[in-house]
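Summary of the model geometry
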Amino acid sequence: MNHFSTDIKADFPIFNSSDLIYLDNASTTQKPSKVLEEIDSFYKETNANVHRAIYSIGNEATRRFESAREKVAKFINAPSSKEIVFTSGATESINLLARSLVSNLEPGDEILLSAMEHHSNIVPWQMMAEKFKVKIKYLPINKIGELDLNNSEQYFTSRTKIVSITHISNVLGTINPIEDLAKMAHKVGALFISDGAQGVPHMQVDVAKLGCDFYAFSGHKMLGPTGIGV
């Protein structure tokens, strides 16, 4: 086990010259050499404005950018790379959705969250709900930290227009039944969003199978650079 741990740590320069023990990966991950080398390579070899230049390094910068979009689409099994929207992280992704979607709702419509959500999946909805006079409901959790869906009909109603639930809780580690929740949301005509900031780093994610309308996550929680999200 120690040999395995040493091999893994060798991929991360931050561990090379210290006895650092890092246990805060749910917050943000360290960056392996391969990621740092790719970032360094881009700025040294092809730094240019993406989609705004037709000279050689401009074309190469755009190619790398779009290649990354295609890789992400394949990684989460999105039907098309055109469905991949780059943001600064899951927080901005959810804020973008809240500001885009809630303005289309009517006063009295409902947004359904859960009691285990990260603030990034609560505060944006609260702000927009207050602005547009929309109601927020929260799915409760039971004694073992799982969603209590025993009386789901009380929460998934004809007034429910948006459902936004975390895939995996960053506090509890609970893995929520996203595929089932998406079906419940769609049954009442609601859009379904999942905060996948903890989901993508820890499991294979197939957004087509999950049936979600939107899935948000951050690069910095899965060994990628800070400031990148989908």
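Conventions we followed
- Residues numbered from 1 in each chain as written.
- Predicted model: local features only at pLDDT ≥ 70, side-chain atom pairs only at ≥ 80, totals over all residues.
- Heavy atoms only, no water.
- 1 Å grid on protein atoms, 1.4 Å probe; cavity = no way out; pocket = protein on both sides within 12 Å on 5 of 7 lines; lining within 4 Å.
- Points joined across faces, edges and corners; volume = space filled by probe spheres on them.
- Helix = DSSP H or I, 4+ residues; strand = E, 2+ residues; numbered from the N terminus.
- Nonpolar A, V, L, I, M, F, W, Y, C, P; charged D, E, K, R; others polar.
- Axes fitted to C-alpha atoms, helices over the stretch in contact; angles between N-to-C directions.
- Parallel < 35°, antiparallel > 145°, perpendicular 65-115°, else oblique.
- Contact = heavy atoms within 4.5 Å.
- Buried < 20%, exposed > 50% of the residue type's maximum accessible area, 1.4 Å probe, protein only.
- Arc of directions from axis to C-beta.
- Left-handed = near helix turned anticlockwise from the far one by under 90°.
- Pairing = 2+ DSSP bridges.
- Right-handed = clockwise from strand over helix to strand, strands pointing away.

A look at the layout of surface pockets
Empty space within the largest pocket amounts to approximately 1300 Å³. Forming the walls of the largest pocket are 27 residues, and the residues nearest its centre are Glu 38, Arg 64, Ala 68, Pro 225 and Ile 228. The leading source of residues in the lining of the largest pocket is helix 3 (residues 56-76), at nine residues. Among the residues forming the lining of the largest pocket, the class breakdown is 18 nonpolar, four polar and five charged.

Details of the packing of helix 2 (residues 33-45) against helix 3
Between helix 2 and helix 3, the shortest axis-to-axis distance is 10 Å and the interhelical angle comes to 155°. Between helix 2 and helix 3, the angle is such that the two are roughly antiparallel. Here helix 2 contributes Ser 41, Phe 42 and Glu 45 to the contact with helix 3, which in turn contributes Ile 57, Ala 61 and Arg 64. Looking at the contact of helix 2 with helix 3 residue by residue, the class counts come to three nonpolar, one polar and two charged.

Observations concerning helix 6 (residues 178-187)
All buried positions along helix 6 are accounted for by Ile 178, Leu 181, Ala 182 and Ala 185. Buried residues of helix 6, seen end-on, are gathered within an arc of 100° and therefore sit on one face of the element. Exposed positions of helix 6 whose direction lies more than 90 degrees from the buried face are Lys 183 and Lys 187. Phi for Gly 189, located one or two positions after helix 6, is positive at around 80°.

Describing the packing of helix 4 (residues 90-101) against helix 5 (residues 123-132)
Following both chains from N to C, one finds helix 4 and helix 5 inclined at 15°, their axes separated by 9 Å at the closest point. It follows from the interaxial angle that helix 4 and helix 5 lie roughly parallel. Crossing handedness for the pair helix 4 and helix 5: right-handed. The residues of helix 5 that touch helix 4, namely those facing Ile 94, Asn 95, Leu 97, Ala 98 and Arg 99, are Pro 124, Trp 125, Met 127 and Met 128. Along the lines of polarity and charge, the residues of the contact of helix 4 with helix 5 split into seven nonpolar, one polar and one charged.

Topic: the sheet that holds strand 5 (residues 214-216)
Strands sit in the order 2-1-3-4-5 across an open sheet of five strands; the sheet is parallel. At either end of the open sheet lies a strand with only one pairing partner, and these are strand 2 (135-139) and strand 5. Strand-to-strand twist in this sheet, taken as the mean axis angle between neighbours without regard to direction, amounts to 20°. Against the sheet, helix 5 engages strand 1 (110-114), strand 2, strand 3 (160-166) and strand 4 (191-195), with an angle of about 150° to strand 2. Seen against the sheet, helix 6 touches strand 2, strand 3 and strand 4 and runs at an angle of roughly 155° to strand 4.

Observations concerning the pairing of strand 4
Counting buried positions along strand 4 yields four of five residues, so the element is predominantly enclosed. Sheet analysis places strand 3 next to strand 4, joined by five bridges and oriented parallel. Opposite Ile 162, over in strand 4, you have Leu 191 as the bridge partner. What joins strand 3 to strand 4 is helix 6, and the crossover it makes is right-handed. Here strand 4 pairs with strand 5 via three bridges, running parallel. Following the sheet pairing, Ile 193 is matched in strand 5 by Phe 214.

The values reported here are purely geometric and, on their own, carry no functional implication.
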